[in-house]
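As a plain string of letters, each chain reads:
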Amino acid sequence: MAEMVKSTTSSGPRTAEANPVTRFFRATEIDTRLLGMIGALVIIWIGFHIITGGLFLTPRNLWNLSVQTTDIAIMTTGMVLIIVTRNIDLSVGSVLGLCGMIMGVTQAKILPEYIGFDSPFTWVITLLVGLIAGGLIGTFQGMIIAFLNVPSFIVTLGGLLVWRGATWLVTSGQTVAPMDQTFRIMGGGAEGSIGATWSWIVGIVACLFVIASIIGSRRQRRRFGFPRRPIWAEYFLATLSCVLILGAVWIANSYYWPINIAKKYAETNNIPWPETGLDIPYGIAVPVLIAIVVGIIMTFIATRLRFGRYVFAIGGNPEAAELAGIKTRWVTVRIFALMGVLAAIAAAISTARLNAATNSQGTLDELYTIAAAVIGGTSLAGGTGTIAGAMLGALVMQSLQSGMVLAHVDTPLQSVVVGTVLVVAVWLDTVYRARAK
């Protein structure tokens, strides 16, 4: 009983005056802005499900939606840190295209001459080459911004043109294909998913991780004398998180391989084909797992490391951060280098999914990445933003695109809708901050 009294997160009189809804959110510490985005996402999903005659909220479409979101979701985690420091990166789409082309040429034209096309090291070398290329491009742009004092808008706008042109020059505009079989696993599909059993294992491990995090956070708060959530709030958050995780796993396992692929698999593995067919679940796609891991790492960097604190300090007040001894120039260089690496990871996933490196790869991705970060609550004024919100923003953006494609909306009108949503999101952010003051 004493534990529950001590663990309250608000003062007595204030709690008594608040309505039940306010007390609930105060006790659970749920971000109302993030909750509002989830509500908007649910409305979008239900709306498109009705418009498309029940095609949107199906395991097949939701599985494809999760895979299609990964590229932007990965890059927007880095864009959050860039925008938080009051910078911008307009070149990420072109960097993705260039890194994808470099990885395509590496595994399809260069490595076969030395180690063969089917070497087990092909995908490793290819990925390393792409990550190094992305990191060097990001570092180069960051150095110009930090030490030559050229605005990031101009540097990355030039990068958008330069790296897109370089992508064309690598192969004179030719498409490079096919990709290494192991490398293609990063793109999803039947080979790029982990199946039902491993999906349930991943889901259970994720639930245990969430529970351990809640327990660890509570112990830390108790250790340092910080206010703790009520016990019922801890149970509620743990239960809700596990339900959402296991629900997502169930949906992924409800989408089965096409008949032709399943028959080929059965023939290869000498499995008798039953009269009712063979239902083989896709499970969680590998690119989705990569995006989740990237999101967790980036959240850890932004919230737990000194580097992350420096980033938000610079965004809040650059002059004060420099006077406090923070090496703001090098922090800027590291942010853009990190953005380049993330663009290379997104390029690997995109190239693997297409099974080819194309000249147009990543076109307009910079706009969708920035839009996802802003829709996710990252302030263009700097100093504010969350990785989880940005990744949710990427899901909102992709949901809009996927829904409009299923609804047979013309491409020009799709651009109108996306642009309108972006402007409305920035306006709502401005209104929210004005009221917060």
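Throughout what follows, the structure given in this document is the object of discussion. Predicted model, so just to flag it, every value in this text is computed and none were measured.

### A closer look at the overall build of the chain
- Counting secondary structure elements, the chain contains 18 helices and zero strands.
- In summary, the chain has a C-alpha radius of gyration of 23 Å against a globular reference of 22 Å for 437 residues, a match within 12%.
- Dimensions of the chain, computed from the C-alpha atoms along their principal axes, are close to 75 × 65 × 45 Å.
- Within the chain, the fraction of its 437 residues that count as buried is 44%.
- Long-range pairs, those at least 24 residues apart, make up 79% of the contacts in the chain between residues at least 6 apart in sequence.
- Counting every atom, the chain has about 22,400 Å² of accessible surface; 67% of that belongs to carbon and sulfur.
- Of the side-chain charges in the chain, 29 are positive and 20 negative, and the distance between the mean point of each set is 13 Å.

### Quick word on unusual backbone geometry
- For the bond from alanine 177 to proline 178, the omega torsion is -5°, close enough to zero to count as cis.
- Mapped onto the secondary structure, proline 178 falls in the loop between α8 (152–171) and α9 (195–224).
- Its identity as a non-glycine residue notwithstanding, asparagine 149 has a phi of 60°, on the positive side.

### Here's the deal with helix α3 (residues 20–28)
- A distance of 3.1 Å separates the backbone nitrogen of valine 21 from a side-chain oxygen at the start of α3, and that oxygen is part of asparagine 19.
- One or two positions beyond α3, positive phi appears at glutamate 29, with a value near 60°.

### Remarks on the environment of serine 66
- With respect to the helices and strands, the residue serine 66 is situated in helix α5 (residues 59–84).
- In sequence terms serine 66 and leucine 395 are 329 residues apart; their C-alpha atoms lie 7.7 Å from each other.

### Points about helix α13 (residues 306–316)
- Taken together, the buried positions of α13 are Phe307, Gly308, Val311, Ile314 and Gly315. Each buried residue of α13 lies within a common arc of 125° when the element is viewed along its axis, so the set occupies one face.
- Next to the buried residues of α13 lie α5, α12 (286–304), α14 (318–323) and α15 (328–354).

### Here we look at the packing of helix α7 (residues 122–147) against α8
- Interhelical geometry of α7 versus α8 gives an angle of 145° and a closest axis separation of 9 Å. Regarding α7 and α8, the two cross each other, and that crossing is right-handed. The residues of α8 that touch α7, namely those facing Ile137, Phe140, Gln141, Ile144 and Ile145, are Ser152, Val155, Thr156, Gly159 and Trp163.
- Each residue belonging to the contact of α7 with α8 can be placed in one class, and the counts come to six nonpolar, four polar and no charged.

Rules used in this analysis
Residues numbered from 1 in each chain as written. Predicted model: local features only at pLDDT ≥ 70, side-chain atom pairs only at ≥ 80, totals over all residues. Heavy atoms only, no water. Helix = DSSP H or I, 4+ residues; strand = E, 2+ residues; numbered from the N terminus. Rg over C-alpha atoms; globule rule 2.2 N^0.38 Å. Buried < 20%, exposed > 50% of the residue type's maximum accessible area, 1.4 Å probe, protein only. Contact = heavy atoms within 4.5 Å. Areas by Shrake-Rupley, 256 points an atom, 1.4 Å probe, with all protein chains shown as cover. Lys, Arg positive; Asp, Glu negative; His and termini not counted. Charge placed at Lys NZ, Arg CZ, Asp CG, Glu CD. Polar contact = N/O pair within 3.5 Å; in protein donor to acceptor, adjacent residues only side chain to side chain. Arc of directions from axis to C-beta. Axes fitted to C-alpha atoms, helices over the stretch in contact; angles between N-to-C directions. Left-handed = near helix turned anticlockwise from the far one by under 90°. Nonpolar A, V, L, I, M, F, W, Y, C, P; charged D, E, K, R; others polar.

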